Amino acid sequence: MGPIGKLKMGRHTAATMASALAAIIFLNFVLIASAVDEPRLEIFPSQKVQRKAVGQAMILTCRPNVPSPNLVADLQWKDNLNNTILPKPHQIYQPVYDSKGHRIRDNMGRNPPMFTEYMTGTESLALIINHLSVEMEGKYYCTASYATNDILETSVTVKTYVGITWTNAPENQNPILGEDYVVRCEVKADPNPTIDWLRDGDQIRSSEKYVVQTHGLLIRNVQESDDGIYTCRAAVVETGELVERTIRVEVYSRPVITYLPTTLEATEGKPFSANCTATGKPVPEIFWIKDANHQNVATADRFLVNPLTGVLNINSVTQDDYGTYTCIAKNDAGVADQKTKLNVLITPSIYYLYNVTGVSEKEVALTCRAKGRPAPAITFRRWGSEDEFTAGAQVDDERIILEQHFDDDKGESSGTLRISKAMRSDDGLYQCLARNTGGTAYSTGHIEVQFRPDFTHMKDLPPVFSWEERKVNLSCLAMSIPNATIEWRWNGKPIKDIHDKNLEIVGTGPRSDLIVHPVARQYYSVYKCIATNIHGTSEHDMQLKEARVPEPVPAAQPKQLTATSVTFEIRSPPTEFGLPITAFTVQYKEAINPDWSTALNRSWSPDSPYIVEGLKPQTMYHFRFAARNQVGLGLWGVNTQQSTPKRSAPEEPKPLHSPVQNDIEEPVVVSPYSDHFELRWSVPADNGEPIDFYQVKYCPGVKISGTWHELENECQSVEVAESTSYEMTHLAGNTYYRIELRAHNIIGFSSPASVIMKTTRGIDVIQMAERQVLSSASIVGIAVGGVLLLLFIIDLLCCVTINMGVMASMCRRTKRSPSEIDEEAKLGSGQLVKEPPPSPLPLPPPVKLGGSPMISPSDEKQPLQTPTESMKQNSTIEFDGKFVHSRSGEIIGKNSAV
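Residues numbered from 1 in each chain as written. Predicted model: local features only at pLDDT ≥ 70, side-chain atom pairs only at ≥ 80, totals over all residues. Heavy atoms only, no water.

## Details of the overall build of the chain
Along its length, the chain carries four helices and 65 strands. By residue count, 37% of the 898 residues in the chain fall in the buried class. Counting contacts in the chain only where the partners sit at least 6 residues apart, residues at least 24 apart contribute 62% of the total. Element-wise, carbon and sulfur atoms account for 53% of the exposed surface of the chain, whose accessible area totals about 52,100 Å². (Helix = DSSP H or I, 4+ residues; strand = E, 2+ residues; numbered from the N terminus. Buried < 20%, exposed > 50% of the residue type's maximum accessible area, 1.4 Å probe, protein only. Contact = heavy atoms within 4.5 Å. Areas by Shrake-Rupley, 256 points an atom, 1.4 Å probe, with all protein chains shown as cover.)

Next up, the structure:
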């Protein structure tokens, strides 16, 4: 076909198509017109397919479109199972609450899942679905009859889908510090949604820190920096639904108890406070639980707990509060607990301690029980001693064992002092000590150790003496527990059965006295004392002896001799045990006197120096000695002669210092001071002429190779009158001094007494010398002192060389001639020089020149010289170890060398 043919054919086709289109359009107009006039049912919304989310409410309205609506009948809905949907049932009101306000039903009634009802003011029938579910998906029909013969029907398809629903996505979530945590965001939707996460507007992508999971966002090793606002975003592409969920993340930390002592101590009867502190986020709440009864103490009386600070207060602690407590710290992140023990300090009290009785050589135990909290430790000690027995066997006495037992739960303890093989020395008071941190309790008990009678204390007693038929008392004392009864026997017979009037028994125990009247020698015999108690019997022999006067003194030798005194050394005659020598007596007279009846007597106690004083110089004397005991004076013996020497220089004075440091060759006296030393000495015998002064010379020096080297140019010499002491001043510290002391009378000097003295080191002080300007008054004073010193030196030279001057005149006044002394001896005057008035200074008692020293009994320094007149009277001398006393009370002298 050519082009023209083709062109014609195309034109024919186009015309045909146009005709067909016109016919279709005409037909549609005809159908529409007929449809408008034809009765039908219409469903609104008009879409044939309705899409709704599961769970939503839905309403479908079916409306008849007919010319005459009143001809419509049986209008109804059918569900997806072709079941007629019934209209909403009519409900009768029923009250929810009764007359008393009690709820009687949950609600007003429940609606069916779907129902129909006519729309008000119209002929439309509505299908109402309150809660759309997946099972309700399908085709729903609306049917009706019209004009009796026409059946009307229409349908709609309901499609369901699940909308975005947050099934598990709390808006506030709290991960735990240091742990992994999934921020929960679980979404339900159909079709399935996609989930992503945002933080502060930025999308979170999976990394080592964050992992996006199906059900949430995993955060590894949560830290406080992970606090913040997170957004969980869900989207359904098919439906175009997009929903965001804002989640606040606040990091919590588990509770940690930071402070709670393992033990607590409270005192009974006093308030108590304890603290349990904990950290955590949020701030944990703190509870105190008593483990014994699992009680929260916040609900108990006397207890008060602050749940925020954890402070536990007890108003007044009782013993029942003792026990274990648990402190619990709890918050939303977890729970922490820690235990502590509350010890109630109860001051110890001893409730059991009784005296016990044991028997010698057997075991005895003293038990002490006490209570307190904590259980007190119990020890014992002897009454009056501070040393306590230790637990177990004692180191110094294994017989004694201390046993200790404790019951901490009951707060009780006991201690037993167990003594095996008890001895008499174990008898006595024992103090129990119960001690804990609350204090110490004391109680005293007695251990009595019973034993058989014992006479050990009488074994060393001397025999009993009697003489001249004097009654004597034989005392027998038996030591025993319990007390013993005593029986006396003589020659094997009970004395009580002899009925001898010269033998009298007084007492039957534990002490018994046998009074013996020895009218005949047969009574000087042995008497047996027999003591008996429940533990046994013991015997003791007591001897009665006849006493006699001492035998003659076997020897008496002169020991020290001066012009006016003789010191004897007396040898005692043999004595019997229990009958000692009580005194020695001497009779003495001048050799030219043959009559002993005119002799003078002097007695001494056995332990005193035997000194006869007041003798005449250059005179021969006869002496005889006798010993005295309780019976009387023995026979005279040891007749000896001794002449006194002529008058001479005094005896050597004796320094009253004990050496502290001994040198190899001679003693050294250490001064307690570095710059001064007080030298003291006793008054020596003057050998017939009174001592007028003492010379003290002291020189510093050193000892080299055992030889003393003095510094002669530094020696000082002084004369001391009317005193027996001298204080050396301005001495050098840590220096040796040789001191020579001599006594002087008109005849001359005594031999020197030498003392080596050392001063202490003292304190080294370095002083800067300052130039001082002397005032005119000082210069005048120095000049006057120099003139006086010069006059004193001139007077001293005159006294020494030509016996003239003031000092020489004073010396002559103190001297006496030998004739004056002899005359005094003949007259027996022995007068003392009148004592001067007291010195205002506390000086030692002065020694008067020209006579015997004036001393008081308490300040005696040397023996007194007995005046001639007093020599004509007998005297008894007793020595007590320090002073010699006469029976008249006059102090005669001290135990010093004369």
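## Some points on the nonpolar core
Most often, soluble globular proteins have nonpolar side chains that are buried together. Grouped together as the largest cluster of nonpolar side chains are 24 residues, with contacts concentrated most on Ile 257, Phe 272, Trp 288, Val 297, Phe 303 and Leu 342. Contributions of two or more residues to this core are made by strand 20 (263–267), strand 21 (272–275), strand 23 (285–290), strand 25 (303–305), strand 26 (311–314), strand 27 (323–331) and strand 28 (334–353). The element contributing the most residues to this core is strand 28, with four residues. Among residues more than four places away in sequence, those in contact with Val 297 are Trp 288, Lys 290, Phe 303, Val 305, Leu 312 and Tyr 325. (Core = buried A, V, L, I, M, F, W, Y, C linked by side-chain atoms within 4.5 Å.)

## So, the packing of aromatic side chains
In total, this model carries 12 aromatic pairs according to the counting rule given. Ring geometry for Trp 490 against Tyr 527: centres 5.6 Å apart, planes inclined by 25°, an arrangement best described as stacked. Remark: Tyr 527 occurs in strand 44 (residues 526–533) and Trp 490 occurs in strand 40 (residues 485–490); sequence separation between them is 37 residues. Residue classification places Trp 490 among the buried residues on the basis of a relative accessible area of 9%. By relative accessible area, Tyr 527 is classed as buried at 0%. Their ring planes at 70° and their centres at 5.1 Å tell us that Phe 568 and Phe 625 sit as a pair that is edge-to-face. (Phe/Tyr/Trp six-rings, centres within 6.5 Å; stacked < 30°, edge-to-face > 60°.)

## Some thoughts on the pairing of strand 13 (residues 194–199)
Here strand 13 runs beside strand 17 (residues 228–236); their pairing, made up of six bridges, is antiparallel. Its bridge partner being in strand 17, Asp 196 is matched across the sheet by Arg 233. Bridge count for strand 13 against strand 14 (residues 202–204) is three bridges, and the pairing is antiparallel. By the bridge assignment for strand 14, Arg 199 is matched with Asp 202. With antiparallel pairing between neighbouring strands as the criterion, strand 13 and strand 14 make up a hairpin whose turn holds two residues, including Asp 200 at a positive phi of roughly 55°. (Pairing = 2+ DSSP bridges.)

## Here we look at the sheet that holds strand 41 (residues 493–494)
With mixed pairing, five strands are arranged side by side in an open sheet as 37-45-44-40-41. Looking at which strands have only one partner, the edges of the open sheet turn out to be strand 37 (464–466) and strand 41. Two strands pair when backbone bridges link them, and strand 37 and strand 45 (residues 536–546) are joined in this way by three bridges, in the parallel orientation. By the bridge assignment for strand 45, Val 464 is matched with Leu 544.

## Description of the side chain of Thr 160
Within the element layout of this structure, Thr 160 appears in strand 9 (residues 150–168). With a relative accessible area of 12%, Thr 160 lands in the buried category. Leaving out residues up to four positions away in the same chain, Thr 160 has contacts with Lys 52, Val 54, Leu 132, Ser 133, Val 134 and Glu 137.

## Examining the state of the cysteines
Using the criterion set out here, one finds six disulfides in the structure. Once the bonded cysteines of the chain are numbered in order along the sequence, the disulfide links fall as 1-2, 3-4, 5-6, 7-8, 9-10, 11-12. (Disulfide = S-S within 2.5 Å.)

## Points about the pairing of strand 18 (residues 241–249)
Note that strand 10 (residues 172–173) and strand 18 share two bridges and pair parallel. Bridge assignment links Asn 172 to a residue of strand 18, and that residue is Arg 248. Turn length for the strand 17-strand 18 hairpin, with the two strands adjacent in sequence and antiparallel, is four residues, and the turn residue Gly 240 shows positive phi of about 75°.

## Comments concerning unusual backbone geometry
With an omega of 0°, the peptide bond running from Phe 44 to Pro 45 counts as cis. Here Pro 45 is to be found in the loop between strand 1 (40–44) and strand 2 (49–53). Residue Pro 374 is reached from Arg 373 by a cis peptide bond, and omega for that bond is -5°. The backbone of Asn 221 shows a phi angle near 50°, a positive value even though the residue is not glycine. On the secondary structure map, Asn 221 appears in the loop between strand 16 (216–219) and strand 17.

## Re a nonpolar patch on the surface
Residues Val 780, Val 784, Val 787, Leu 788, Leu 790, Leu 791 and Ile 794 make up a contiguous nonpolar surface patch of roughly 650 Å² in combined accessible area. In this structure, Val 784 sits in helix 2 (residues 776–801). The exposure class of Val 784 is partly exposed, given its relative accessible area of 46%. (Patch = residues over 30% accessible without salt bridge, like charges linked within 9 Å, V, L, I, M, F, W, Y side chains within 5 Å. Salt bridge = Lys/Arg side-chain N within 4 Å of Asp/Glu carboxyl O.)

## So, the environment of Pro 348
Residue placement: Pro 348 occurs in strand 28. Along the backbone, Pro 348 and Gly 372 are 24 residues apart, and their C-alpha atoms lie at a distance of 4.4 Å. With residues near it in sequence (within four places) discarded, Pro 348 still touches Lys 371, Gly 372, Pro 376, Ala 434, Arg 435, Asn 436, Gly 438, Gly 439, Thr 440 and Ala 441.

## Some words on the pattern of salt bridges
The final tally for this structure, using the stated rule, is 28 salt bridges. In this structure, the salt-bridge partner of Asp 226 is Lys 209, at a minimum N-O distance of 3.0 Å. With Asp 226 in the loop between strand 16 and strand 17 and Lys 209 in the loop between strand 14 and strand 15 (210–213), this residue pair connects regions lying 17 residues apart in the sequence. Residue class for Lys 209 comes out partly exposed when judged on its relative accessible area of 25%. Between Lys 616 and Glu 590 there is a salt bridge, with the nearest N and O atoms lying 3.1 Å from each other. Separated by 26 residues along the polypeptide, Lys 616 in the loop between strand 50 (610–612) and strand 51 (620–628) and Glu 590 in strand 48 (residues 583–590) bring together distant segments of the chain.

## Observations regarding the sheet that holds strand 16
Strand order across the open sheet formed by three strands is 11-16-15, with antiparallel pairing between neighbours. In the strand order of this sheet, the two ends are held by strand 11 (181–184) and strand 15, each with one partner. The sheet shows a mean angle of 25° between the axes of neighbouring strands, direction not considered. The sheet contact formed by strand 11 and strand 16 spans four bridges and is antiparallel. Along strand 16, the bridge assignment pairs Val 183 with Leu 217. (Axes fitted to C-alpha atoms, helices over the stretch in contact; angles between N-to-C directions.)

## Concerning the environment of Asp 227
Among the structural elements, Asp 227 can be located in the loop between strand 16 and strand 17. Taking relative accessible area as the criterion, Asp 227 reaches 26% and is therefore assigned partly exposed. Expressed as a C-alpha distance, the spacing of Asp 227 and Asn 174, which sit 53 residues apart in the sequence, is 9.0 Å. Sequence-distant contacts of Asp 227, defined by excluding residues within four places in its chain, comprise Arg 199, Val 249, Glu 250, Val 251 and Lys 281.

## Topic: the confidence of the model for the chain
Summing up the model confidence of the chain, the mean pLDDT is 82 and the portion of residues at 70 or higher is 81%. Below pLDDT 50 for its whole length, residues 1–8 participates in two contacts with residues either more than four positions away or in separate chains. Per-residue pLDDT stays below 50 along residues 764–773; that stretch engages in zero contacts with residues further than four places along the chain or on separate chains. (pLDDT = per-residue confidence, 0-100.)

## Brief notes about the side chain of Ser 480
On the secondary structure map, Ser 480 appears in strand 39 (residues 479–481). By relative accessible area, Ser 480 is classed as buried at 8%. From its side chain, Ser 480 meets the backbone oxygen of Pro 482 in a polar contact 2.9 Å long. Of the polar contacts made by the side chain of Ser 480, one reaches the backbone nitrogen of Ala 484; its length is 3.1 Å. Sequence-distant contacts of Ser 480, defined by excluding residues within four places in its chain, comprise Phe 451, Arg 452, Pro 453 and Asn 533. (Polar contact = N/O pair within 3.5 Å; in protein donor to acceptor, adjacent residues only side chain to side chain.)

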